[in-house]
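Take a look at the letters that make up each chain.
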Amino acid sequence: QVQLVESGGELVQAGGSLRLSCAASGRTFSSYAMGWFRQAPGKEREFVAVITRSGTNTYYTESVRGRFTISRDNARNTVYLQMNSLKPDDTAVYYCAANTLGATLAVQGSAYDYWGQGTQVTVSS
């Protein structure tokens, strides 16, 4: 079992920055990959970023590449999403998710078996 709790979402102006955190508990944190997803109002949930168990490898959806950075601190059981140059299109509920099933850089939501409750990010123009 894995429990995930996100934090850090808030209202920010376009061009600003935010750092989201996701604290994990339960199963050994360094044993599974972590991902971030988001869901905007009226839209389907979409993949944002993923990081492998050790933090060595990452992958991003094209729309955030160069602006967002995913990282993890296995000693603190926490994964982060640093978001810079935010745009109104980044407005969404952001979810962290744990993939304990084996795939390393999975982009499909179905590959993740544990999810947090989400944190709201709102970017004003």
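Structure shown above.
These lines cover the structure that appears in this document, whether it is placed above or below.

## A closer look at the sheet that holds strand β1 (residues 2–7)
So, step 1. Here we have 4 strands laid out as an open sheet, ordered β1-β3-β8-β7, and antiparallel in their pairing. Two strands in the sheet have a free side with no partner beyond their single neighbour: β1 and β7 (68–73). On average, adjacent strands in this sheet sit at an angle of 15° to one another, irrespective of strand direction.
So, step 2. In the sheet, strand β3 (residues 18–26) pairs with strand β8 (residues 78–83) via 6 bridges, with the strands oriented antiparallel. Opposite A23, over in β8, you have T78 as the bridge partner.

## Things to note about unusual backbone geometry
So, step 1. Phi at N77 is positive, roughly 55°, even though this residue is not glycine.
So, step 2. Its location among the elements puts N77 in the loop between β7 and β8.
So, step 3. For N77, a relative accessible area of 30% puts it in the partly exposed group.
So, step 4. Despite not being glycine, S85 shows a phi value in the positive range, around 50°.
So, step 5. Mapped onto the elements of the fold, S85 is located in the loop between β8 and β9 (92–99).

## Quick look at the packing of aromatic side chains
Each aromatic ring pair is characterised by the separation of its centres together with the angle its planes make.
So, step 1. Evaluation of the coordinates by the stated rule reveals 6 aromatic pairs.
So, step 2. Among the aromatic residues, those joined into a cluster by ring pairs are F37, F47, Y59, Y112 and W115.
So, step 3. Between R45 and the ring centre of F37, over which it is positioned, the NZ or CZ distance is 5.8 Å.

## With respect to the environment of R38
So, step 1. Of note, R38 is situated in strand β4 (residues 33–39).
So, step 2. For R38, the residues in contact, after removing those within four places along its chain, are E44, R45, E46, V48, S63, V64, F68, D89, D90, A92, V93 and Y94.
So, step 3. A polar contact of 2.6 Å, which involves the side chain of R38, links it to the side chain of E46.
So, step 4. Separated by 3.5 Å, the side chains of R38 and S63 make a polar contact.

## Digging into the pattern of salt bridges
So, step 1. On inspection of all chains with the given rule, the structure shows 4 salt bridges.
So, step 2. A salt bridge links R38 to D90; the shortest N-O distance between them is 2.9 Å. With R38 in strand β4 and D90 in the loop between β8 and β9, this pair connects stretches of sequence that are 52 residues apart. This pair shows no difference in class: R38 is buried, exactly as D90 is.

## So, the state of the cysteines
So, step 1. Under the counting rule described, the total for this entry stands at 1 disulfide.
So, step 2. For C22, the disulfide goes to C96, at an S-S distance of 2.0 Å. The disulfide joining C22 to C96 has a torsion of about 55° about its S-S bond and is therefore right-handed. Within this pair, whereas C22 is found in strand β3, its partner C96 is found in strand β9, the two being separated by 74 residues in sequence.
So, step 3. On the basis of relative accessible area, C96 is assigned to the buried category, the value being 0%.

What counts as what
Residues numbered from 1 in each chain as written. Predicted model: local features only at pLDDT ≥ 70, side-chain atom pairs only at ≥ 80, totals over all residues. Heavy atoms only, no water. Pairing = 2+ DSSP bridges. Helix = DSSP H or I, 4+ residues; strand = E, 2+ residues; numbered from the N terminus. Axes fitted to C-alpha atoms, helices over the stretch in contact; angles between N-to-C directions. Buried < 20%, exposed > 50% of the residue type's maximum accessible area, 1.4 Å probe, protein only. Phe/Tyr/Trp six-rings, centres within 6.5 Å; stacked < 30°, edge-to-face > 60°. Lys NZ or Arg CZ within 6 Å of the ring centre and 35° of its normal. Contact = heavy atoms within 4.5 Å. Polar contact = N/O pair within 3.5 Å; in protein donor to acceptor, adjacent residues only side chain to side chain. Salt bridge = Lys/Arg side-chain N within 4 Å of Asp/Glu carboxyl O. Disulfide = S-S within 2.5 Å.

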